[in-house]
Amino acid sequence: MKSKALAHSNIALIKYWGKKDPKLFLPWNSSVSMTLDRLYTVTEVEFSPEFKEDTIIVNGEKLEGEKKEKVVRHLNLIRHIGKTDLKARVVSENNFPFGAGLASSASAFAALTLAATSALGLELSKKELSIISRQGSGSSCRSIYGGFVEWKAGNISEESYAEQIAPKEHWDVRDVIAIVQKEEKKVSSRAGMAQTVETCPFFMKRVEEVGKYLPKLIKAILDKDFKTLGEITEFDCLSMHATMLTTKPMLLYWSPETVRIIKEVVSWREEGIEAYFTVDAGPNVHVITLPEYVKEVEKRLSEIQGVKEVISCGIGDDTKVI
Ligand code: PMV
């Protein structure tokens, strides 16, 4: 009763920020992402009657408290589906900095979902895996698929799952990430988005607007229209951060370096470099670009004061058992 899975992280081009059902992880708006090849989690899960309690080890460290609880809650959901009460040992390794706005929870919960369900011998469709994974971490439901992915918000649990828009072979889009901070953020996505839904007076306006531009982004992906993809990606990022800023107390995930990089990326476009920024709930900046500009973008990003590391990603594959 042991299985190992590999899941890639993803970067949202249209962000998920806010749940209408916090228990079931039903989001207010649908979101769109691309799966990232270079950032991934490998997780091994074993169930055994010999285990007296669940043990969770992430990057060599045994989890305790709230972090452990999040994983145990997800294991409980999977145990309920698999009709077992066996305890588990989970060993997980991320190949990238944890909790730095790089959506480590996306690859972590996608890998956990597949490893745990397959360790229990459950044969589930990708749609079913996506529905389960969503309830561990919303963004993880998109990581079940490679390529370009849409998470359809839905109104009930069975309607809220991810679907592939196009496989990775469809279009070679890159994400060059400028890491300016590796430490874990102070306000988690979960707490931050709950606070935003509750107190941001513009939150529902954002949800309404996403509904208008999401079909345009999907069309841009299918038509390989990079300019439209970039413009919608930037606008949506700023729209999400605008709701964060107008939350009480305010949520400002950016650092001075974030602003510096954003301004640079915008000015590079005037020189003909097709590059667009997006920022998750953290200070690091993702620069979405095309293969021909990657070398130049990497060079320029690494020359900006405060950039600690540059990680270049292509598009990744589905979550799979290894
Ligand atoms: O699913 P979580 O709790 O990792 O939240 C993800 C939130 C963002 O990364 C900011 C946006 C997104 O859609 O990935």
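Residues numbered from 1 in each chain as written. Predicted model: local features only at pLDDT ≥ 70, side-chain atom pairs only at ≥ 80, totals over all residues. Heavy atoms only, no water.

Attention shifts here to the overall build of the chain. Scanning the chain from terminus to terminus reveals nine helices and 14 strands. For 322 residues, the compact-globule estimate of 2.2 N^0.38 gives 20 Å, and the chain sits close to it at 19 Å. With the C-alpha coordinates aligned to their principal axes, the bounding extent of the chain is approximately 60 × 40 × 40 Å. Here the chain holds 322 residues, and the buried ones make up 56% of them. Counting contacts in the chain only where the partners sit at least 6 residues apart, residues at least 24 apart contribute 75% of the total. Entry remark: accessible area of the chain is about 13800 Å², with carbon and sulfur atoms responsible for 53%. A distance of 3 Å separates the average location of the 44 positive side-chain charges in the chain from that of its 45 negative side-chain charges. (Helix = DSSP H or I, 4+ residues; strand = E, 2+ residues; numbered from the N terminus. Rg over C-alpha atoms; globule rule 2.2 N^0.38 Å. Buried < 20%, exposed > 50% of the residue type's maximum accessible area, 1.4 Å probe, protein only. Contact = heavy atoms within 4.5 Å. Areas by Shrake-Rupley, 256 points an atom, 1.4 Å probe, with all protein chains shown as cover. Lys, Arg positive; Asp, Glu negative; His and termini not counted. Charge placed at Lys NZ, Arg CZ, Asp CG, Glu CD.)

Scanning the model with the defined rule gives 20 salt bridges in all. The partner of Glu-53 in a salt bridge is Lys-68, with the nearest N and O atoms 3.5 Å apart. Linking Glu-53 in the loop between strand S4 (31-48) and strand S5 (55-58) with Lys-68 in helix H1 (residues 65-82), this pair joins segments that are 15 residues apart in sequence. It is possible to trace a salt-bridge network through shared partners that takes in Lys-205, Glu-208, Glu-209 and Lys-212. (Salt bridge = Lys/Arg side-chain N within 4 Å of Asp/Glu carboxyl O.)

With that out of the way, let us pick up the domain arrangement of the chain. According to the domain assignment, the chain contains domain 1 (2-167) and domain 2 (174-313). The centre of domain 1, based on its C-alpha atoms, is set 23 Å off from the matching centre of domain 2. Three residues stand out in domain 1 for area buried against domain 2, namely Leu-13, Lys-15 and Trp-17, and they jointly supply 25% of the buried area on that side. Our count for the contact surface shared by domain 1 and domain 2 stands at one salt bridge. A salt bridge links Asp-280 to Lys-15; the shortest N-O distance between them is 2.6 Å. One can count seven residue pairs in polar contact (both at pLDDT 80 or more) joining domain 1 with domain 2. Of all elements in the fold, only strand S1 (2-14), S4, H1, strand S8 (148-152) and strand S9 (161-166) reach the threshold of two or more residues within the side of domain 1 that touches domain 2. Among the elements that take part in the side of domain 1 that touches domain 2, S4 stands out by supplying seven residues, more than any other. Residue composition of the side of domain 1 that touches domain 2, grouped by class: 20 nonpolar, seven polar and eight charged. (Domains from an automatic or database assignment. Buried area = accessible area lost by both parts, 1.4 Å probe. Polar contact = N/O pair within 3.5 Å; in protein donor to acceptor, adjacent residues only side chain to side chain. Nonpolar A, V, L, I, M, F, W, Y, C, P; charged D, E, K, R; others polar.)

Attention now moves to the environment of Glu-208. Note that Glu-208 resides in helix H6 (residues 203-223). Take Glu-208: its relative accessible area is 45%, and that puts it in the partly exposed class. For the pair formed by Glu-208 and Val-176, sequence separation is 32 residues and the distance between their alpha carbons is 30 Å.

Taken together, 14 residues form the shell around the ligand, and within it Tyr-16, Ser-105, Ser-137, Ser-139 and Arg-142 come nearest. One nitrogen or oxygen atom from the main chain of Ser-139 is found 2.9 Å from an oxygen atom belonging to the ligand. Alone, the ligand offers 380 Å² of accessible surface; in the complex the protein occludes 94% of this. A per-class count over the shell around the ligand returns six nonpolar, five polar and three charged. When residues are assigned to domains, the shell around the ligand turns out to be shared by domain 1 (2-167) and domain 2 (174-313), each giving three or more. (Near = heavy atom within 4 Å.)

As a further point, take helix H8 (residues 256-270). With 15 residues, H8 should reach 21 Å at 1.5 Å per residue; the first-to-last C-alpha distance of 22 Å fits that figure. Turning to H8, its buried residues number three or more, namely Thr-258, Ile-261, Ile-262, Val-265 and Trp-268. For H8, the angular spread of the buried residues around the axis is 125°, confining them to a single face. Opposite the buried face of H8, by more than 90 degrees, sit the exposed residues Pro-256, Lys-263 and Glu-270. (Expected span 1.5 Å × (residues − 1). Arc of directions from axis to C-beta.)

What follows is about the packing of H6 against helix H7 (residues 226-245). Where H6 contacts H7, the two axes come as close as 10 Å, and the packing angle between them is 165°. Of the possible angle classes, the one that applies to H6 and H7 is roughly antiparallel. In this structure, H6 crosses over H7, and the sense of that crossing is left-handed. Where H6 abuts H7, its residues Phe-203, Arg-206, Val-210, Tyr-213, Lys-216, Leu-217, Ala-220 and Ile-221 lie against Thr-228, Leu-229, Ile-232, Phe-235, Asp-236, Ser-239, Met-240 and Thr-243. (Axes fitted to C-alpha atoms, helices over the stretch in contact; angles between N-to-C directions. Parallel < 35°, antiparallel > 145°, perpendicular 65-115°, else oblique. Left-handed = near helix turned anticlockwise from the far one by under 90°.)

With that settled, the discussion passes to the side chain of Ser-30. Structurally, Ser-30 can be placed in the loop between strand S3 (26-27) and S4. Within the structure, the side chain of Ser-30 is placed 3.0 Å from the backbone nitrogen of Ala-153, a separation counted as a polar contact. When sequence neighbours within four positions are dropped, the list of residues in contact with Ser-30 reads Ile-14, Glu-150, Trp-151, Lys-152, Ala-153, Val-210 and Leu-214.

For the rest of this paragraph, the subject is unusual backbone geometry. In this chain, Lys-248 is followed by Pro-249 through a cis amide linkage whose omega measures -10°. Inspection of the secondary structure assignment puts Pro-249 in the loop between H7 and H8. Phi angles above zero are rare outside glycine, and Phe-25 is one such case at about 60°. Relative to the elements of secondary structure, Phe-25 occurs in the loop between strand S2 (19-21) and S3. We classify Phe-25 as buried; its relative accessible area is 7%. The phi dihedral of Lys-83 is positive, around 50°, even though this residue is not glycine. Considering the arrangement of structural elements, one finds Lys-83 in the loop between H1 and strand S7 (87-94). Residue Lys-83 is classed as exposed on the basis of its relative accessible area of 75%.

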